[in-house]
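Residue strings, one per chain:
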Amino acid sequence: MTAKGKALPRLDLPPLRQVGRPLRRVDALGKAVGTTVYAGDFTMPDMLHAKVFRSSEPSAHIKQLNVNKARALPGVACVLTADDLPDGKLITDMPGQTGQERRKESDAPVLAARGVRFVGEPIALVAAETLAIAEQALKLIEIEYEVLPGVFDPLEAIKPGAPIIHKPDNIVASWKIRKGNAEAGLAAADLIVENTFRVPFIDHAYIEPEAGVAWMDDQDVINIRVCTQVVEHFRSIAQAVGVPHNKVHVRGTMIGGGFGGKEDITVEIFLALLTKETRRPVRLAYTREESILAHSKRHPFIITHRTGVKNNGRITGAKINMISDSGAYPYLSPYVLLYATVTSCGPYRIDNLTVDSVSVATNNPFASAFRGFGGAQAAVAYEQQMDEMAKALAMDPLELRKINYLKTGDFNAIGQQIKSAIWLEEEATQALAALGKKESVSDDAIKIGQGFATTMQSYGRIMWFHDTSRSWVGIEQDGTIVVRCGAPDLGAGQANSLCLIAAEVLGVSLTDVTFYNSDSAVTPLAGTTTATRQLYMSGNATLKAAKMVREVLLDRAAQHFREKPNNLDLADNKVFIKSDPQQWLSLADLSKMCAVDGLKLQHLALFAAPFADKLNPENLQGDIFPDFTFSAHAIEVAVDTKTGEITVLKSVGCHDVGRAINPIAVEGQIQGGSAQGIGYALMEEVQVRDGVTRTPSLSEFLIPTAKDLPTTRAIILESGTGVGPFGAKGIGEPALTPAAPAVANAVANAIGVRIHNLPLTPERVLAALDRAKRG
Amino acid sequence: MKAKAITLNVNGRRHQVTLFPNVTLLEALRDLNYTDVKNGCEKGDCGACAVELNGRIINSCLVLAWQADGARILTNAGLGTMESPHPLQEAFADAGAVQCGYCTSGMIIAAKALLDENPNPSETEIREAISGNLCRCTGYSQIINAVQMTAEKMMQQKAQE
Amino acid sequence: MLPEFELLMPRTLPEALEMMDESSKVMPLAGGTNLLVDLRGRLSRPQTLINIGGLDELRGVRVEDGYIVVGSAATIADLKRNALIAKHGQALRQAATVFANPLIRNRATIGGNLAYGSPAADAAPPLLVLGAEVELLSKDTRRTVPLEEFITGVRKTVRHPRELITAIRWPIPPEGSVGVFRKLGLRKADAISVLSIAVMLLHMDTGDCDQLRIALGAVAPTPIRAAAAEDLLDGGPLTPEVIAQAAQLASEATQAIGDIRGSAAYRKRVITALVQRLLTNLAKDTKEKKH
Ligand SMILES: Cc1cc2nc3c(=O)[nH]c(=O)nc-3n(C[C@H](O)[C@H](O)[C@H](O)COP(=O)(O)OP(=O)(O)OC[C@H]3O[C@@H](n4cnc5c(N)ncnc54)[C@H](O)[C@@H]3O)c2cc1C
Ligand code: FES
Ligand code: FES
């Protein structure tokens, strides 16, 4: 259920006609009736089927690779190995993407040449007439490994003498915050609380495994239809395949879930290579097992907080240490670590702060983006630490937080001033109120607990990346609207929001808008659908483009009515005089008039995010993100102290989203995001032993079913202070972040003892109870 | 391995196909362009491939096409179209029950099976009925709303008749 | 993709028996929820499958000579909605309601659940406490084996490659008997049992416990009966002390191992706790019933 938050002072919002109303999403019905076509649904005449040969060893030298038998198998069109690649690196850093130079030589090769660094690393590609032949060909590939010692624990990997994954050492990235004087801050404290928290590898587990088809066209362009969060990868693909950038065309499809897992390149690079080699259409679809083996994971973190606090609850200083396991290749690890570092102390004012963080290479599966992007891991630690401090002080957890919350205008851990609303206190209060009284149980073995967490999560990308987005809006001669914008739609309603913005500005109904998106050549490039940036970036670009069209329409109508454009408005597919709505003209007629006059009815707009210099590496002080979303989540659990089983009884998320462009979609984000957070807290873990995944499919890697979750009540507050269109803030990632620590706090509240590692398995619950008993 | 001619009755259409015995119903349906039936795991864990087989909801990845020879098969796309959607499809679209949409066809078939048996299910019964269908996007709440909305609407319609 | 195999489609049971073979290269296919998963994972490589899921002779639940007889191809969903099972196989019905998920339940068969020989088979503990027997038929033999002797190890049974399970049967429990089932998985639906327990109390009219049966799943190479615990409870009153002791004995009967779902120590400990809880509830319920 959506509940509108109680009225808080908010910026003057313009009256809106469609934005903010619970309208059916433009993409919803097609998906509901099963008409929407996904990447794996495309086939082409004369198509080949591809398979990837992958490493079974986590750390080995490839002594010999022989693909002759596979090549000789009738029906095999081609087998490619690293020898066939012109320039075989997966470059993640392109200008305008992350724009960062990183350690040379550590980018993942497209296909492993001399050695392998994780189980599942791609070594060879096969394309064949049928899938069965492709599978058979894989079995004919002969490989001889010289197994090398591997390292599977980041703490081991940073020790001297550990096997080195990439020269010169296993440190993939490190960051440090130096603010005030942490030593002095801790010395001034009445009490020091220290805890170490751990979170595991987890899989995105979108229900759609990666898939795509590719073909060459009559201009020698490699066309790739694929489910991706980033159509801009066409550049890296072109570079790796050895063709000019303008010879790769990525046509993104509707995506069956991404959550960061389709942010790095997946099948598209293999498709490009195979189609170029064979000059035939090629299809590649991962099985679930291959998906789990081949794509990134959420980083495991080990986070230690040492916090000093006065008896009155004021935090005097903190030292935070973070170690993340980046796995075998860095991918986006440096940035994930940076996000985690920047939000490491949460939405609290800590003037004396030291943070040291490192990301460490191991022979584990590689980790990269996952909804929350480091912010989620940081929150699991800082919000549990707050509760532990409250416990040590015998203080109410919300009271302690209130004393330390950042306020609008305050400076965060890196000294960036927060200019938007910070309604944490209000959010926590409302979430807890909605949770209500604890349920009572008669059975002594069942303990009920409540907990909450309040978090900050950025939206929009790091400001020194110079992020941009483009969107094109046009009106047709019958008054219908077209939006063209490169933004991929992951299912969260990205395309719908853009349509809604255009509909609002141009006074048409949502059903009058058609969108084209996610195409690297045909739609204006809008940047990645990551970092909760599309509503902010492409929303603003679309808003700008729509306003340009609106201006042309109003100017022409002003001429017609002999009125000032300011006195006119657009609504209900009409232009009318505000003071005399009976005087109107249909948009169809108006746009025809414009066409007769040769006026420009289609506009391309660029939105550029504000730019900031890189943070000073000595202390990380400066500005980094355009803004943050502040959130609260409250949870009630029942814990069976005999079996360790946890049941989530109630769940409430309260978020200031600035402005809810589509309330149903916002509610959906809060419910879906918190479901992932609850899963993270309770059951999700990709178990890896000696580099081998012991949870290879969805039978072992468990995500919540409908029976594992209560209905999350979504309380939506609207401060109108975000930097997105109409004052919106981002909600995609923030929806997830507070849920896991809220569960952990509720469980600790129920059983009176803290479990420091996620997931909170029944077994860990019993172990914690034992520890408590032993004292 | 020898192929055999079988008949698949899908959404009221008869298809004569010659298939090898190791082809799953999921593969056969997708090859016949019933691509609303999705592949999410091929081992019964996700429910994206759910269809009705002789009135019972099953995972089409765990049925061999030969085993469905002559049987009645219903997929989500057989329930309605863009022009004339089934009440469940309409409710899913309106209630926000569709995000990425990849689980949706399986979900709707599971919901239909429930409503066929139990026109007025409780929230608990709905959660049980869709517990073999994973959704990673929605947290299930709006899906449950959609099923409840449909149940109410269909019961009202019945009452009026 | 599935590997290659031949698939035979018998229309009658005799036809199916005719097709069965000495070698394990021929395997019956019932619901396929174990077998097709294993084939896809290349964990099993039969040359020929015999589709027995659709055979009428193997369906249905009936009463016969004081026995409940369940056809081996009855699905878990069939069991869940069958009135005879609800009355005379309470623990089995409860197991059916928490078995896998609704889609799997429409395919998975009781015969397949036992024939597969998994220690975590959810139908096994309830059938053990019911004192079930497995009916095995081949072209020229017929025998009945107590379930306790049927499963001999992880994925091992006494079934001869030529035999089919045709039915599972158990004596109709005496009036007033009570059966319960509890399963612990790592999530609340669609989870393989970390452990499972079935308890059945037969005849309870004196206040003492005439006969109590306890069976445990996923804590030994096969589903097991907790004989020592049963003996202790036999004929005596269900006092808290006895219950605690019996729960301890039940746990000692296990040979639990650790895997990705839980450690051996955890399994043993929770068996104690849950056996104790189930027995305590049973004692309470029967007391309440008497008053
Ligand atoms: C997603 C999922 C969830 C599951 N959850 C559970 C669960 O919660 N609890 C649980 O216990 N199991 C579970 N299972 C396992 C499986 O569903 C059950 O074991 C099921 O009962 C097997 O029956 P079947 O008819 O599908 O067997 P099949 O797969 O057809 O056969 C299994 C084995 O038994 C043999 N066989 C089958 N029938 C006969 C017969 N009549 N005579 C001789 N041999 C025979 C076959 O040759 C094969 O070796 C799950 C499986 C999946 C895929
Ligand atoms: S594809 Fe059939 S259950 Fe996942
Ligand atoms: S809507 Fe994406 S998986 Fe359900």
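Residues numbered from 1 in each chain as written. Chains lettered and ligands numbered in written order. Predicted model: local features only at pLDDT ≥ 70, side-chain atom pairs only at ≥ 80, totals over all residues. Heavy atoms only, no water.

With that settled, consider the interface of chain B and chain A. Every contact between the two is made by 48 residues of chain B and, on the other side, 56 residues of chain A. Contact between chain B and chain A buries roughly 3,800 Å² in total, counting both sides, with carbon and sulfur atoms accounting for 54%. At the boundary of chain B and chain A, one finds six salt bridges. Close ionic contact of Asp41(A) with Lys38(B) constitutes a salt bridge, the shortest N to O distance being 2.8 Å. Run the count over chain B and chain A and you get 29 residue pairs in polar contact (both at pLDDT 80 or more). Breaking the side of chain B that touches chain A down by element, the ones donating at least two residues are α2 (87–95), α3 (104–117), α4 (123–129) and α5 (141–160) of chain B. Top contributing element to the side of chain B that touches chain A by residue count: α2(B), with six residues. Class assignment of the residues belonging to the side of chain B that touches chain A gives a composition of 18 nonpolar, 18 polar and 12 charged. (Contact = heavy atoms within 4.5 Å. Buried area = accessible area lost by both parts, 1.4 Å probe. Salt bridge = Lys/Arg side-chain N within 4 Å of Asp/Glu carboxyl O. Polar contact = N/O pair within 3.5 Å; in protein donor to acceptor, adjacent residues only side chain to side chain. Helix = DSSP H or I, 4+ residues; strand = E, 2+ residues; numbered from the N terminus. Nonpolar A, V, L, I, M, F, W, Y, C, P; charged D, E, K, R; others polar.)

We now examine the environment of Ala571(A). Residue and element names in this part refer to chain A. With respect to the secondary-structure elements, Ala-571 resides in strand β21 (residues 568–571). Between the alpha carbons of Ala-571 and Arg-17 there is a distance of 8.2 Å; along the sequence they are 554 residues apart. When residues no more than four places from it in sequence are discounted, the contact partners of Ala-571 are Arg-17, Gly-507 and Phe-576.

Residues and elements named next belong to chain B. Interhelical geometry of α2 versus α5 gives an angle of 135 degrees and a closest axis separation of 8 Å. As the angle between them shows, α2 and α5 are arranged oblique. In the crossing of α2 with α5, the sense of the turn from one axis to the other is right-handed. Across the interface between the two elements, Pro-87, Leu-88, Ala-91, Phe-92, Asp-94 and Ala-95 from α2 touch Gln-142, Ile-143, Asn-145, Ala-146, Val-147, Met-149, Thr-150 and Met-154 from α5. Tallied by class, the residues present in the contact of α2 with α5 amount to 10 nonpolar, three polar and one charged. (Axes fitted to C-alpha atoms, helices over the stretch in contact; angles between N-to-C directions. Parallel < 35°, antiparallel > 145°, perpendicular 65-115°, else oblique. Left-handed = near helix turned anticlockwise from the far one by under 90°.)

Now for the side chain of Asp122(C). All names here are of chain C. Mapped onto the elements, Asp-122 comes out in the loop between α7 (110–115) and α8 (124–129). Its relative accessible area of 5% is what places Asp-122 among the buried residues. A polar contact of 2.8 Å, which involves the side chain of Asp-122, links it to the side chain of Lys-183. With residues up to four places along the chain from it excluded, the contact list for Asp-122 reads Ala-95, Phe-99, Asn-113, Phe-181, Lys-183, Ser-193 and Ser-196. (Buried < 20%, exposed > 50% of the residue type's maximum accessible area, 1.4 Å probe, protein only.)

Lining the immediate surroundings of ligand 1 are 34 residues, of which Pro28(C), Thr33(C), Asn34(C), Leu35(C) and Thr109(C) lie closest. Lying at an intersection of chains, ligand 1 is approached by residues of chains B and C. Measuring from an oxygen atom of ligand 1, one finds a side-chain N or O atom of Thr109(C) at 2.6 Å. Ile165(C) is positioned with one of its backbone polar atoms (N or O) 2.8 Å from a nitrogen atom of ligand 1. (Near = heavy atom within 4 Å.)

Okay, the sheet that holds strand β23 (residues 580–586) of chain A next. All names here are of chain A. Across the sheet, which stays open at both edges, the three strands sit in the order β21-β22-β23 with antiparallel pairing between neighbours. Either end of the sheet is taken by a strand with one partner, and the two such strands are β21 and β23. Each strand axis lies, on average, 30 degrees off the axis of its neighbour in the sheet, ignoring direction. In the sheet, strand β22 (residues 574–577) pairs with β23 via four bridges, with the strands oriented antiparallel. For Phe-576, the partnering residue across the bridge sits in β23 and is Trp-584. (Pairing = 2+ DSSP bridges.)

A few words now on the domain arrangement of chain B. Residues and elements named next belong to chain B. Along its sequence, chain B is carved into domain 1 (4–78) and domain 2 (87–160). Here the C-alpha centre of domain 2 lies 22 Å away from the C-alpha centre of domain 1. On the domain 2 side, the residues contacting the 14 residues of domain 1 number 13 residues. Of the roughly 1,200 Å² buried between domain 1 and domain 2, counting both surfaces, carbon and sulfur atoms make up 53%. Considering only the side of domain 1, the residues that lose the most area to domain 2 are Glu-52, Ile-57 and Asn-76, jointly responsible for 41% of the buried surface there. The tally of links from domain 1 across to domain 2 stands at one salt bridge. Between Glu-52 and Lys-112 there is a salt bridge whose closest N-O contact spans 2.9 Å. Applying the counting criterion to the domain 1 and domain 2 interface returns eight residue pairs in polar contact (both at pLDDT 80 or more). At three residues, strand β3 (residues 50–53) tops the list of elements feeding residues into the side of domain 1 that touches domain 2. A per-class count over the side of domain 1 that touches domain 2 returns six nonpolar, four polar and four charged. (Domains from an automatic or database assignment.)

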